[in-house]
Amino acid sequence: MNLKRKVEIVVISDVHLGTFGCHAKQLLTYLNSIEPKTLILNGDIVDVWQFKKRYFPKSHLSVIKKIMDFAANSTEVIYITGNHDEMLRKFSDTEIGNISIVNKAVLDLDGKKAWFFHGDVFDMSIQNAKWLAKLGGWGYDILILINRFVNWCLEQVGKERYSLSKRIKNSVKGAVKYISNFENVATELAIENGYDYVVCGHIHQPKILIKENKYGKTTYLNSGDWVENFTALEYQFKRWKIYNYNNDKLSPFFADEDLKEMDTNELIAAITIVEQPKKKQKKLN
């Protein structure tokens, strides 16, 4: 009996595989409960910044295996790069079977335009990012390049990359102001460019919020994270909702439902063998 929920679009972000803070088992429980038509990985899935060779447990490998299984079974997987996995940005616009790697994505959802991106580039100068709206679709890509250059310069002089998490820990008031600014900049950019939805990650704050100004309105969505909130976004029947593992988990599904008999070496072997997708799903425009 197949009790898995069919979902048109699922968005997850900020999983941070390879770190002690990642809750991979909870994520696997969720992934085992759904059959998504499109899975959007909106940045910071693997944490390359904090990656340690000696720490990448079986449950973390299982998440990667599960994502690849989705792709092999006709799910369109869109991997949007973030700051903690920014090394993948050099492979932007690459497609392997049903998996594509991009810096941002625009999809048509029942006649409405949805703009997906991680959001880390707003860290550079969030107060002054509004001018990017004037650059149209190129603005986000330009900001990514600027962000990479500044982080490279910081590394050359022996300084750490800009860290949002450290800023948040330094001041609760600062965190509230940052989140508000982040949401304002994202929604103003979306309205300026005619997007009905703007879907982000990065700040680990799940939310659905309608924003309006004199130029129009848009719906801001954030998928949250799998470090503290255990949340995802789901789109079905022309509506968005926030999935919260702590409130919505389904008891019949377990993290290692179909992987518990596999040891770590078998998981690695399964991940590195590229399976032929059953059928390439037509991309949304």
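Up top is the structure.
Residues numbered from 1 in each chain as written. Predicted model: local features only at pLDDT ≥ 70, side-chain atom pairs only at ≥ 80, totals over all residues. Heavy atoms only, no water.

A.B. asks: Explain the overall build of the protein chain to me, using residue names and the numbers behind them.
C.D. replies: Helix and strand content of the protein chain: seven helices and twelve strands. Out of the 285 residues belonging to the protein chain, those deemed buried represent 48%. When contacts within the protein chain are restricted to residue pairs at least 6 apart in sequence, long-range pairs at least 24 apart make up 70% of them. Total accessible area on the protein chain stands at roughly 14500 Å², and carbon and sulfur atoms take up 55% of it. (Helix = DSSP H or I, 4+ residues; strand = E, 2+ residues; numbered from the N terminus. Buried < 20%, exposed > 50% of the residue type's maximum accessible area, 1.4 Å probe, protein only. Contact = heavy atoms within 4.5 Å. Areas by Shrake-Rupley, 256 points an atom, 1.4 Å probe, with all protein chains shown as cover.)

A.B. asks: With reference to specific residues and values, describe the environment of H118.
C.D. replies: With respect to the secondary-structure elements, H118 resides in the loop between β7 (112-116) and α3 (139-156). On the basis of relative accessibility, which here comes to 0%, the residue H118 falls in the buried class. Along the backbone, H118 and S13 are 105 residues apart, and their C-alpha atoms lie at a distance of 7.9 Å. Side-chain polar atoms of H118 contact the backbone oxygen of N42, separated by 2.7 Å. In this structure the side chain of H118 is engaged in a polar contact, spanning 3.3 Å, whose partner is the side chain of H202. (Polar contact = N/O pair within 3.5 Å; in protein donor to acceptor, adjacent residues only side chain to side chain.)

A.B. asks: Report on unusual backbone geometry, specifying residues and quantitative values.
C.D. replies: Notably, D14 is not glycine yet its phi reads approximately 55°, a positive angle. Examined against the element boundaries, D14 turns out to sit in the loop between β1 (5-12) and α1 (24-31). A positive phi is found at H16, a non-glycine position, where the angle reads about 60°. As for its placement among the helices and strands, H16 is situated in the loop between β1 and α1. By relative accessible area, H16 is classed as buried at 7%.

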